[in-house]
Amino acid sequence: MERKMDFYKELCNITGIENVLKDEPMSRHTTFKIGGPADYFITPTGEEEIERVLLLCRQYKIPFYIMGNGSNLLVGDKGYRGVVLQIFKRMNGVETSGKQVYAQAGALLSKIAAKALEAGLTGFEFASGIPGTLGGALMMNAGAYGGEMKQVLKSAKVLDQEGHSLSLSIEQMDMGYRTSIFSKNGYLVLSAVLELEPGDKETIQMKMEELRSRRVTKQPLEYGSAGSTFKRPEGYFAGKLIEEAGLRGFRVGDAQVSEKHCGFVINRGSATAAEVTELMEQVIERVEKSSGVRLEPEVKRIGEF
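In the nomenclature of an unreviewed UniProt entry, the protein chain corresponds to UDP-N-acetylenolpyruvoylglucosamine reductase from the organism Faecalicatena acetigenes. The UniProt entry for the protein chain carries the following text under Sequence similarities (unreviewed entry): "Belongs to the MurB family." The Pathway (unreviewed entry) field of the UniProt record for the protein chain holds the comment "Cell wall biogenesis; peptidoglycan biosynthesis."

Here is the structure:
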């Protein structure tokens, strides 16, 4: 108990007591609106604080997890034993210079898209409706409507697992479908530079509005979810395979395969992580039985289930 108190005091000394929450419900911080309490929930303000917190966690041998706005995350009902660092609203600066956009890891992709529009830069419209942060988008090479992060990324600043700061060029990032060197090597993204092209503001605006309209029409945005629940199998579409297996609207408790888009698992109001997990497992099993294709989850799971 004394050791825990010492750890908590040191955390507060690094980030300020107002930025360290104890037993914080993770349902408040994920787009699924699901998840039990994290022992410590921290919102650092800069790179130095992050480095010091991670060093402290290693010294005390306390597990930690780094998240953005929780748009691709399912947290267990029993919560997370350790430290959750949220790099989001307190590290979300975005600046433009010429054709380049500099952004901190906590910046929402929608904010970056708005800044690019303001500067008359095109190439980032595809990401304008993706509900995530830059850091999370780089980890999984997020993409939509034919665009991917690797197409616009120039360089990134990261921390490696030993806490050393590294600058990586796009050639060093090994970015593929929903993967990157960041996720493979456990790197923490701090910031990145994107390179776009000059464009017509009105055309950029129209493209963003068109994509936004398509999202609203085709995706169940009125419910809590983590976006596309499964990765796209090569040569197939996950949503189509799920529909063909007769699973449109399939439910386990308050977790449901969306009737609007079968590629989404939604929280109808009070779904638990256990219900979402059971539903996903049944979908994987039944799709494989129906089509011979085994789906792979795209959603990241952490904590105790």
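From this point on, the discussion continues.
Trainee: How should I be thinking about the nonpolar core in this particular structure?
Mentor: Across soluble globular proteins, you tend to see nonpolar side chains buried next to one another. Membership of the largest hydrophobic core comes to 59 residues, with the highest contact counts inside it found for Leu11, Ile50, Ile112, Phe124, Leu138, Met149 and Phe182. Looking at this core, the element that brings in the most residues is helix H2 (residues 47-60), giving 6 residues. The contacts of Ile50, once residues within four sequence positions are left out, are Pro44, Leu85, Ile87, Met91, Leu159, Leu188 and Leu190. The next biggest cluster of nonpolar side chains, apart from the first, holds 27 residues, and it includes Ala238, Val265, Val287 and Val293.

Trainee: I would appreciate a short explanation of the sheet that holds strand E13 (residues 188-195) in the present structure.
Mentor: Two pairing modes exist for strands in a sheet, parallel and antiparallel, and in both the strands are linked by backbone hydrogen bonds. With antiparallel pairing, the 5 strands of this open sheet are ordered in space as E6-E7-E13-E11-E12. Looking along the sheet, the strands with just one partner apiece sit at the ends: strand E6 (94-97) and strand E12 (165-169). Taking each pair of neighbouring strands and ignoring which way they run, the sheet shows an average axis angle of 15 degrees. As paired elements, strand E7 (residues 100-104) and E13 share 5 bridges and run antiparallel to each other.

Trainee: Looking at this structure, I do not really get the UniProt feature "active site" (unreviewed entry) in the protein chain. What am I missing?
Mentor: When the UniProt feature table is mapped to this numbering, "active site" (unreviewed entry) covers Arg178, Ser228 and Glu298. With the annotated positions falling across 121 residues, the maximum pairwise C-alpha distance of 11.7 Å places them together in a single cluster. Setting aside residues up to four positions removed in sequence, Arg178 forms contacts with Met140, Asn141, Ala142, Gly143, Lys231 and Glu298. A polar contact of 3.4 Å, which involves the side chain of Arg178, links it to the backbone oxygen of Gly143. We classify Ser228 as partly exposed; its relative accessible area is 33%. Discounting chain neighbours no more than four positions away, the residues touching Ser228 are Gly263, Phe264, Glu298 and Val299.

So, how was this worked out
- Residues numbered from 1 in each chain as written.
- Predicted model: local features only at pLDDT ≥ 70, side-chain atom pairs only at ≥ 80, totals over all residues.
- Heavy atoms only, no water.
- UniProt positions renumbered as here; feature names shortened; annotations may be inferred.
- Core = buried A, V, L, I, M, F, W, Y, C linked by side-chain atoms within 4.5 Å.
- Buried < 20%, exposed > 50% of the residue type's maximum accessible area, 1.4 Å probe, protein only.
- Helix = DSSP H or I, 4+ residues; strand = E, 2+ residues; numbered from the N terminus.
- Contact = heavy atoms within 4.5 Å.
- Pairing = 2+ DSSP bridges.
- Axes fitted to C-alpha atoms, helices over the stretch in contact; angles between N-to-C directions.
- Polar contact = N/O pair within 3.5 Å; in protein donor to acceptor, adjacent residues only side chain to side chain.

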